[in-house]
Amino acid sequence: MGKIYKCWTVHRLTEAWYSLAQDEQNALLGKVSNCLKQVGGEAVITCNISWSNEGVGAFGVEAFPSLEAVQEHRRLLDALNWGRYIESTSYLGTEMQPM
């Protein structure tokens with residue numbers, strides 16, 4: 001199957017995020033980054049688009065070695081209560097081959 005790509009968008013940060021002090025936000029982002037590394041994933045790109053879009057603040061693409069890695073990544077994020085801090089949408093896909 002090859003790599004699994006995850007495209008995600010952050011629609012908004014929640015009040016729970018804003019209630020964290022800056023150092024707590026940074027620590028949480030570090031843990032989120034470690035979750036990705038832990039499963040062998042990589043951040044392909046992360047973009048701030050809040051300056052050009054009122055409905056979405058950021059988007060990114062991550063690459064995972066397998067579907068099992070994607071699932072483990074989700075479990076790790078759930079253990080951090082990551083969904084409490086952001087409202088987001090994500091899509092999974094594989095690379096399209098030329099016809």
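These lines cover the structure that appears in this document, whether it is placed above or below. Remember, it's a predicted structure, so these values are computed and weren't measured experimentally.

Criteria and cut-off values
- Residues numbered from 1 in each chain as written.
- Predicted model: local features only at pLDDT ≥ 70, side-chain atom pairs only at ≥ 80, totals over all residues.
- Heavy atoms only, no water.
- Helix = DSSP H or I, 4+ residues; strand = E, 2+ residues; numbered from the N terminus.
- Contact = heavy atoms within 4.5 Å.
- Phe/Tyr/Trp six-rings, centres within 6.5 Å; stacked < 30°, edge-to-face > 60°.
- Buried < 20%, exposed > 50% of the residue type's maximum accessible area, 1.4 Å probe, protein only.
- Pairing = 2+ DSSP bridges.
- Axes fitted to C-alpha atoms, helices over the stretch in contact; angles between N-to-C directions.
- Salt bridge = Lys/Arg side-chain N within 4 Å of Asp/Glu carboxyl O.

**Focus on the side chain of Glu62**
For Glu62, the location among the structural elements is in strand β3 (residues 58-64). Excluding its chain neighbours within four sequence positions, the residues that come into contact with Glu62 are Ile4, Tyr5, Lys6, Trp8, Leu36, Glu42, Ala43, Val44 and His73.

**What about the packing of aromatic side chains?**
On inspection of all chains with the given rule, the structure shows 3 aromatic pairs. Ring geometry for Trp17 versus Trp82: centroids 6.3 Å apart, planes at 85°, classification edge-to-face. Of the two residues, Trp17 is situated in helix α1 (residues 15-18) and Trp82 in the loop between α3 (67-79) and β4 (86-93); the sequence distance between them amounts to 65 residues. The pair formed by Trp17 and Trp82 is uniform in burial state, with each residue classed as buried. Consider the rings of Trp82 and Tyr85, whose centres lie 6.5 Å apart with planes at 40°: the pair is tilted. For the residue pair Trp82 and Tyr85, the accessibility class agrees, reading buried in each case. Taken together, the aromatic side chains of Trp17, Trp82 and Tyr85 make up a single cluster linked through ring pairs.

**Description of the sheet that holds β4**
The antiparallel open sheet is built from 4 strands, whose spatial order is β2-β3-β1-β4. Bordering the open sheet on either side are β2 (42-48) and β4, each of which pairs with just one other strand. Adjacent strand axes in the sheet meet at a mean angle of 15°, parallel and antiparallel pairs treated alike. Here strand β1 (residues 4-13) pairs with β4 via 8 bridges, running antiparallel.

**Quick notes on the pattern of salt bridges**
For the structure on display, the rule yields 5 salt bridges. Linking Lys6 and Glu62 is a salt bridge whose minimum nitrogen-to-oxygen distance equals 4.0 Å. Pair noted here: Lys6 is in strand β1 and Glu62 is in strand β3, with a separation of 56 residues, a long-range link. Residues Lys6 and Glu62 agree in their burial class; the two are buried. Between Glu72 and Arg75 there is a salt bridge; the shortest N-O distance is 3.0 Å. Here Glu72 pairs with Arg75, and both are found in helix α3, just 3 residues apart, close to one helical turn. For Glu72, a relative accessible area of 31% gives the class partly exposed.

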